[in-house]
Amino acid sequence: MVLPRSAGPGIAARVKVLSDLKLDEKRLPQDGRFKIIQNEEKVSFRVSTIPTAFGEKTVMRLLRERSSGFTLETLGFHGHGEELIQEATRQKTGMILVTGPTGSGKTTTLYTILDILNTPEVNISTVEDPIEYQVTRINQTQVRPDIGFTFSKGLRALVRQDPDIILVGEIRDTETASLGVNAALTGHLVLSTLHTNSAGGTIPRMLEMDVESFLLVSTVNVIIGQRLVRKLCDAKEKYFLSKSEIAQLGKEANMDMIMKYLKEEKVVDGKATWEKVPFYKPKKSAQCESGYGGRIGIHEILRMSDGIRALVMADATAHEIQEHARKEGMMTMLEDGIFKAATGMTSIEEVLRVVSE
């Protein structure tokens, strides 16, 4: 739908009314939210407005309120990586961290993990901003920075409520980081998110927040780095990679390891080579205008192994931690993307676009 430019201020005003934002405040950024019910399904809109040189810019993020129905497999986890997450959920203490930029599906991943953990025997409490999914049996608390109720205050109060599992919406500052690590040390399983570009970059980020390295190595169980790629529709164009394209990808990704995992998970047969693995390109159709429909995650899953612990204690860089994890069998997001392109879920172009952003 293309609307005349003159409709802009009217639409912005209507969205602000729905989101309980101040109509007369056009000089400051504002955040709000509203819900609609369509086809018996609740959809939550997160609204952000910001002043620009030519008027207000409004961005809305849409989210289904129903968190159930997701599994680790439907989110794109598979094989060895999925086993590492399942193993981390069986621990009674420690931290599971999910990292990635805004809108990369971190909260959805955390709630899917919570869904696995959510049994009547455990007390699960969360402190979030905002509460994105409402879940039965979970005590969910909304932070209110405007009245001084921050993540760190909420987390401090939560620990006194004797929960077994704590979800902290985001670790943004030193105080929240240190409280989260202490909660993990004192018999809680802590789940949270951070804004870093890779799983390996999470540890130096936590160290920057003044978390002691010896505390970090004894609390973090697993770190999940992720991005979202668009999925190909059913109508797609098949092709095979040339030798030069395989060599080009080999400069950035460990193609032998990807092939090993493809064979292990029986995606290709035991004698397959890269020249014989089909890949796909988007194909426009009446049902699928861009050739893509829906999204799926590409992940890298870093386990806190003895080797990684030694590197953290030796003050290693994010690159050194990432490289060591790769030697221990971790697929990077690019490699997981190529794996998913080889299964026909997405295209190599889409993976390269997302990973390079």
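Residues numbered from 1 in each chain as written. Predicted model: local features only at pLDDT ≥ 70, side-chain atom pairs only at ≥ 80, totals over all residues. Heavy atoms only, no water.

Here's the deal with the pairing of strand S9 (residues 220-232)
Selection rule: Note on classification: 1.4 Å probe, protein chains only; a residue is buried when its accessible area is under 20% of the maximum for its type, exposed when over 50%, partly exposed between these limits. Here a strand is any run of E in DSSP of at least two residues, a helix any run of H or I of at least four, and the numbering for each starts at the N terminus. Only when DSSP finds a minimum of two bridges between them are two strands counted as paired.
Most of S9 is tucked away, with ten of its 13 residues classed as buried. The pairing of strand S4 (residues 94-99) with S9 spans five bridges and is classified as parallel. Its bridge partner being in S9, valine 98 is matched across the sheet by isoleucine 224. In this sheet, strand S12 (residues 292-303) lies alongside S9 in antiparallel orientation, the contact comprising ten bridges. Residue pairing for S12: glycine 225 is matched across the bridge by glutamate 300.

A short note on the packing of aromatic side chains
Here is the rule we go by: When two rings of Phe, Tyr or Trp (its six-membered ring) have centres within 6.5 Å they constitute a pair, described as stacked for plane angles under 30 degrees, edge-to-face for angles over 60, and tilted for the intermediate range.
A complete count under the given rule lists three aromatic pairs for this structure. Ring plane angle 75° and centroid distance 5.2 Å describe the contact between tyrosine 111 and tyrosine 133, whose orientation is recorded as edge-to-face. With tyrosine 111 in helix H4 (residues 106-117) and tyrosine 133 in the loop between strand S5 (124-128) and strand S6 (138-142), this residue pair connects regions lying 22 residues apart in the sequence. For tyrosine 111, a relative accessible area of 3% translates into the label buried. Its relative accessible area of 3% is what places tyrosine 133 among the buried residues.

Some remarks on the state of the cysteines
Note: disulfide means a covalent bond formed between the sulfur atoms of two cysteine side chains. What counts here: A pair of cysteine sulfur atoms is labelled a disulfide when the two atoms are within 2.5 Å.
For the structure on display, the rule yields one disulfide. One disulfide in the model links cysteine 233 with cysteine 288; its S-S distance is 1.6 Å. With a gap of 55 residues between them, cysteine 233 in the loop between S9 and strand S10 (236-240) and cysteine 288 in the loop between strand S11 (278-282) and S12 connect regions that are remote in the sequence. Exposure remark for cysteine 288: the relative accessible area of 10% places this residue in the buried category.

Considerations on the sheet that holds strand S1 (residues 30-38)
Threshold: As a rule, the C-alpha atoms of each element are fitted with a line to give its axis, helices using only the stretch in contact, and angles between N-to-C directions run from 0 to 180 degrees.
Spatially, the three strands line up as an open sheet ordered S1-S2-S3, and their pairing is antiparallel. With one partner strand each, in any of the chains shown, S1 and strand S3 (55-64) form the two edges of the open sheet. Taken over all neighbouring pairs, the strand axes of this sheet differ in orientation by 25° on average, direction set aside. Judged from the nine bridges that link them, S1 and strand S2 (residues 41-52) form a sheet pairing that is antiparallel. Along S2, the bridge assignment pairs glutamine 30 with threonine 49.

Quick word on the packing of helix H13 (residues 333-342) against helix H14 (residues 348-356)
This is how it is decided: Angle categories: roughly parallel below 35 degrees, roughly antiparallel above 145, roughly perpendicular from 65 to 115, and oblique for all the rest. Each helix crossing is assigned a hand: it is left-handed if the near helix lies turned anticlockwise from the far helix by less than a right angle, otherwise right-handed if that turn is clockwise. We call two residues in contact whenever any of their non-hydrogen atoms come within 4.5 Å of each other. Classification used: nonpolar for Ala, Val, Leu, Ile, Met, Phe, Trp, Tyr, Cys and Pro, charged for Asp, Glu, Lys and Arg, polar for all others including Gly.
Orientation of H13 relative to H14, taken along the N-to-C sense of each, is 160°, at an axis distance of 9 Å. Taken together, the axes of H13 and H14 are roughly antiparallel relative to one another. The crossing of H13 and H14 is right-handed. Residues Met333, Leu334, Gly337, Ile338 and Ala341 of H13 form the contact with H14, whose own contacting residues are Ile348, Val351, Leu352 and Val355. Its residues assigned to classes, the contact of H13 with H14 shows eight nonpolar, one polar and no charged.

Examining the nonpolar core
Test applied: To qualify as a nonpolar core, a set must consist of buried Ala, Val, Leu, Ile, Met, Phe, Trp, Tyr and Cys residues joined through side-chain atoms within 4.5 Å.
Within the largest apolar cluster, 34 residues are counted, with the highest numbers of intra-cluster contacts made by Met95, Ile171, Ile203, Leu302 and Ile308. In terms of residue count, helix H6 (residues 174-185) provides more of this core than any other element does, five residues in total. Listed in part, the 29 residues of the second largest apolar core include Leu241, Met257, Trp274 and Phe279.

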